[in-house]
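Observations on the model geometry
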Protein chains: 4
Amino acid sequence: MLDETARGVFTIAVTPFRPDGALDEESLDRVVEFYLEKGATGLTILGMMGEAGKLSAEESLTVVKRVTARAPVPVVVGVSSPGFAAMQTLSRAAMDLGAAGVMVAPPGSLRTDDQIAAYFRTAAEMLGEAPFVLQDFPLATGVQIPPKVILQIVEDCPTCVMLKHEDWPGLEKISALRAASNAGARRISILCGNGGLYLLEEMLRGADGAMTGFAYPEMMAHVIAAFEAGDEARARDLFDAYLPLVRYEGQPGLGLAIRKHTLARRGAIAHPTVRKPGGSLSAATIAELEALVARQEARLAQLG
Amino acid sequence: MLDETARGVFTIAVTPFRPDGALDEESLDRVVEFYLEKGATGLTILGMMGEAGKLSAEESLTVVKRVTARAPVPVVVGVSSPGFAAMQTLSRAAMDLGAAGVMVAPPGSLRTDDQIAAYFRTAAEMLGEAPFVLQDFPLATGVQIPPKVILQIVEDCPTCVMLKHEDWPGLEKISALRAASNAGARRISILCGNGGLYLLEEMLRGADGAMTGFAYPEMMAHVIAAFEAGDEARARDLFDAYLPLVRYEGQPGLGLAIRKHTLARRGAIAHPTVRKPGGSLSAATIAELEALVARQEARLAQLG
Amino acid sequence: MLDETARGVFTIAVTPFRPDGALDEESLDRVVEFYLEKGATGLTILGMMGEAGKLSAEESLTVVKRVTARAPVPVVVGVSSPGFAAMQTLSRAAMDLGAAGVMVAPPGSLRTDDQIAAYFRTAAEMLGEAPFVLQDFPLATGVQIPPKVILQIVEDCPTCVMLKHEDWPGLEKISALRAASNAGARRISILCGNGGLYLLEEMLRGADGAMTGFAYPEMMAHVIAAFEAGDEARARDLFDAYLPLVRYEGQPGLGLAIRKHTLARRGAIAHPTVRKPGGSLSAATIAELEALVARQEARLAQLG
Amino acid sequence: MLDETARGVFTIAVTPFRPDGALDEESLDRVVEFYLEKGATGLTILGMMGEAGKLSAEESLTVVKRVTARAPVPVVVGVSSPGFAAMQTLSRAAMDLGAAGVMVAPPGSLRTDDQIAAYFRTAAEMLGEAPFVLQDFPLATGVQIPPKVILQIVEDCPTCVMLKHEDWPGLEKISALRAASNAGARRISILCGNGGLYLLEEMLRGADGAMTGFAYPEMMAHVIAAFEAGDEARARDLFDAYLPLVRYEGQPGLGLAIRKHTLARRGAIAHPTVRKPGGSLSAATIAELEALVARQEARLAQLG
């Protein structure tokens, strides 16, 4: 079961599809292996970048079953939903299938502090004993959750064990939450998203690792390892080597197609297909990507 | 099967719940009877005011099955969904269970004309032969669909047979669409929402009726009947008698609780329960509602 | 100077333009007379429906100067602005010219409770001694201000003397604020907007009157007078007589053109011109409006 | 006068303030010198990052006067405004003072293709002979302008001579516009924003340069020079050296304080003050910034 001590790299897993849009279960197995090889200490499935919203309820269960059966690491399942009934149904099924916890993002209609806190109290009640990750991603959800509301949720909901942090800007938020836990609030795990674009500063502020899906997940593993070994200079060298591509993959909307293209190029999935609505890459984009990868490889070779 | 000739009152059906939040199937039967008695020529289920987003996939199917089995009128099923797979799954099941058509609202992420038209082309492809209603409700969806894009969708998608019109303001849109069909565009059915607040003017502009769920659905039936009988003065007298309550029920968010309270008061459902998150009415609201209903009854009695 | 005891009808004044879009100062004088004749106990200028955003800084001052010079009642000046410097400049000039107070709506970028409270603390500091009205209009601003944040602002800012209430739904908010002032919080004036659509219920909940610009401002004056005279039945009869037109004028965007057309029809302004971007009325709209006015006059004649 | 042939680096100028919030005119002179020394081929003032919205009308004119008097390069003045009257007033004054052109971003209320095109037609009419830059920044404005609408504006408005491109993702948009001009549409200048984060790819797609305000404007100048000299490898080396800081400054909201801190550190302005509402940097942020600058300098030294 997921708890507040979770650390490292929880890779946000893609959901592979065949060219005709059908779920590609073999590639799902393969990409799970790939993530584990590249240093994942956990996996997060059915997130936004896992195209969760595009799956039928049955397909979602297939993904959960397949991944939990195979992965020897904790699996977090995204269960965000327009309504609590669907959230509860999926959460129960996922936990029964061996998930370590679930992840919930707030619906875009929430505005005031009390609305947000009340939403998570009800969600926690619906989820029962399942540990949950609070996903804080204002760019995607439109919901701004100030630190004091996160702390209220942590206080109200003992099953809230982790923050998936991807506010932007968000570094001060990590500092505020860590100051609060140093002053006595329950300390939860903070894993950071945003494609890893601020990973180094996030670690410096007190994050416990990353939860993101950059197509070179070894970046997060190696940067965090160097950082935790006290070698900040090497952590920065590694980070900087990957940064041009992190930035390029970070383009909203387009980013997922770039990520899947790269994963297919690396052999981690068979097809780069993004399910409809979702595009393919232009020749110009592919050429830009190739140039970035070539430079990245050269630079990593120099670093040794 | 639903087609472009649909007219009259397609009542937006509530989904009744027990006080503990469970689906109340007996009340569902009862409220269907009630709607039919009050003049419904069709029913629309699993719409926004049917709390579709709060149901599990299984509950949604239960509602479809129960209503289609009982209603001798066309049943339209709301299938709007964050993704096409869930939309397709529900649509197929609904049509197999005897639905006459389905209804689709655009996701809030759409902005440009081409994005909107492309979305409905893909939706129509996914829905296959199922006739569909285009729900145009910018206040709820955030998506503004200009008349020329509606006409594009009508041209692109032969299965688009009806517009659920609730743009606000929206009267000029009806005029524009009717001018276009008079000039040769395919004429689809236009049924209007917004709780009936502009019903009279909508009929004058060329609408074919109403698709809304005001707790006195006989209002829509009687106003349309008087209007179609050429008695505009009586249509206005009736409309004006109900207007104070139409206005009061039209409060966003709160409106559904008012509607369910009124339906429970009229015996159409057993409990006024709105599923979480959703509130109950304050004593002040209930008192205001009672005062409005008492005046409405007095005024209708005068009209005869 | 405006204070917490303000009551009655603060009419939201239109800004009249000539057909070529130039400010029509003679009509401005005339419409001020008209509002006073129809029972205004105050005037609010440069509000959203006063097309404040479409005026140059110089034109804004012309309007303030002309109205304050002429009106023997308190004049509130809308000073909402993207930045505090422009707000301060206009507020100072307006107060120097004899305004009784100013009105501030929050910018759309505010989200969390603390952001909203902080914004008004800074605004109050910038406005100095000028009494201000807090405009709470989420449908237009996108900012939701819960009662506890309004109470925080009232506590933080002694110069906040009035709430322009147009949350929707908003009746429970009035009740919450009145309960708080009954329990010891400073009681500020609450005048209600939304075109008067909920005026009766707002008065029942404890509002002190209306601040809105419906083209028949005598409606608000007469309804409030009947209500304060204890004759609720007559208040409701009057309200209901005007309601079909209140509803019709309440169409967002289009409403201002309808209002100006009606005011021109009544002789209160010379031209119905809405400044660019802003449209004119179609023949169908004008016909609908005429029908509503004719029925309204007949019904008022019956009421005596 | 600005025209379609504009190229290079139009630096988005900050507006310097003293610690008490007053306009710092001496620093304004100094930062203009700084931008010119660092390779600016033009300047853009009163943009979003110039805190235009926080200035009074009088202060805006002071900035225009001071900069146009001093700068031997074309000066573009941001004139975006809630209304056309204020836009026209500022534009006329700016052009009279020697501006080369003005810049207009669409108001957030625009949604459909036709609304956007109509807005710019009216804006162009209001601006008269002043050449204008169309600012396309959906993340800030909420308005998505597809390529075909940009091309419509270019066709409708002969005075539209430049696109400030900062859609995100936006590379395909550049390609689409260049393909259209290769096929006969009028070719306008495209200068790119987004803090320079995609500068290299933007140049590859056909942009004419950058219009952005990164605190090391020599980055844009040097990268573009290397690129135009055909030395793409050096362009990439330079770009990569600055990228960690480009990324860090790119944090929305916080970015301006970081930029001003850096400019003050470099001696280009006397104080890092951001006008209210606008914060200061935490010690942690300053430390992160120092670390990034130190590494940047080391890496640039290696590149020679």
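Our subject is the structure that appears above.
Note that the structure is a prediction, hence the values are computed from the model and not measured.

Criteria and cut-off values
- Residues numbered from 1 in each chain as written.
- Chains lettered and ligands numbered in written order.
- Predicted model: local features only at pLDDT ≥ 70, side-chain atom pairs only at ≥ 80, totals over all residues.
- Heavy atoms only, no water.
- Helix = DSSP H or I, 4+ residues; strand = E, 2+ residues; numbered from the N terminus.
- Contact = heavy atoms within 4.5 Å.
- Buried area = accessible area lost by both parts, 1.4 Å probe.
- Salt bridge = Lys/Arg side-chain N within 4 Å of Asp/Glu carboxyl O.
- Polar contact = N/O pair within 3.5 Å; in protein donor to acceptor, adjacent residues only side chain to side chain.
- Nonpolar A, V, L, I, M, F, W, Y, C, P; charged D, E, K, R; others polar.
- Buried < 20%, exposed > 50% of the residue type's maximum accessible area, 1.4 Å probe, protein only.
- Axes fitted to C-alpha atoms, helices over the stretch in contact; angles between N-to-C directions.
- Parallel < 35°, antiparallel > 145°, perpendicular 65-115°, else oblique.
- Left-handed = near helix turned anticlockwise from the far one by under 90°.

**A few points about the environment of D:M87**
Residues and elements named next belong to chain D. Within the secondary structure, M87 sits in helix α3 (residues 84-96). When the C-alpha positions of M87 and L127 are compared, they lie 7.9 Å apart, and in sequence the two are 40 residues distant. For M87, the contacting residues outside a window of four places in its chain are V79, S81, V104, Y119, A123 and L127.

**What about the interface of chain C and chain B?**
Taken together, the contacts link 30 residues of chain C with 30 residues of chain B. When the two sides are added together, the surface that chain C and chain B hide from each other amounts to roughly 2,800 Å², 56% of it contributed by carbon and sulfur. At the junction of chain C with chain B, the criterion picks out 9 salt bridges. Note that C:R205 is salt-bridged to B:E288, the shortest N-O span being 2.5 Å. There are 18 residue pairs in polar contact (both at pLDDT 80 or more) connecting chain C and chain B. Listing elements by their share of the side of chain C that touches chain B, those giving two or more residues are α7 (171-182), α8 (199-205), α10 (232-249) and α12 (283-303) of chain C. In the side of chain C that touches chain B, the residues fall into 16 nonpolar, 4 polar and 10 charged.

**Comments concerning the side chain of A:H165**
As for its position among the elements, A:H165 is in strand β6 (residues 160-165). Those residues in contact with A:H165, other than ones at most four positions away along the chain, are A:D136, A:G170, A:L171, A:K173, A:I174, A:I190, A:L191, A:C192, A:G193 and A:E202.

**Some points on the pattern of salt bridges**
Throughout the structure, instances matching the rule amount to 113 salt bridges over all chains. Among the ionic pairs, A:R7 bridges to A:E228, the shortest N-O distance being 2.7 Å. Here A:E228 lies in helix α9 (residues 217-228) and A:R7 lies in the segment before β1 (8-12), a separation of 221 residues in the sequence. Put simply, D:E232 and D:R236 hold a salt bridge, and the shortest N to O gap is 3.1 Å. Here the residue D:E232 and the residue D:R236 both occupy positions in helix α10 (residues 232-249), the gap between them amounting to 4 residues, near one helical turn. On the basis of relative accessibility, which here comes to 31%, the residue D:E232 falls in the partly exposed class. The exposure class of D:R236 is buried, given its relative accessible area of 7%. One salt-bridge network, in which partners are shared between bridges, spans A:R7, A:R178, A:R187, A:D208 and A:E228.

**What about the interface of chain A and chain B?**
Taken together, the contact between chain A and chain B spans 17 residues of the former and 17 residues of the latter. Across the chain A/chain B interface, buried area totals approximately 1,100 Å², and carbon plus sulfur atoms make up 68% of it. Our count for the chain A to chain B interface comes out at 2 salt bridges. The closest approach of N and O atoms between B:K276 and A:E125, which form a salt bridge, is 2.9 Å. One can count 4 residue pairs in polar contact (both at pLDDT 80 or more) joining chain A with chain B. Looking at the side of chain A that touches chain B, the elements with two or more residues in it are α3 (84-96) and α4 (113-127) of chain A. At 4 residues, α3(A) tops the list of elements feeding residues into the side of chain A that touches chain B. Its residues assigned to classes, the side of chain A that touches chain B shows 7 nonpolar, 5 polar and 5 charged.

**Some words on the packing of helix α10 (residues 232-249) of chain B against α12(C)**
Describing two packed helices takes the angle between their axes plus the distance from one axis to the other. One way to put it is that α10(B) packs onto α12(C) with a least axis distance of 13 Å and a crossing angle of 70 degrees. Compared by their axis directions, α10(B) and α12(C) come out roughly perpendicular. Remark: the crossing between α10(B) and α12(C) carries right-handed chirality. Of the residues in α12(C), those touching α10(B) at B:A233, B:R236, B:D237 and B:D240 are C:A291, C:L292, C:R295 and C:R299. Considered class by class, the residues forming the contact of α10(B) with α12(C) number 3 nonpolar, no polar and 5 charged.

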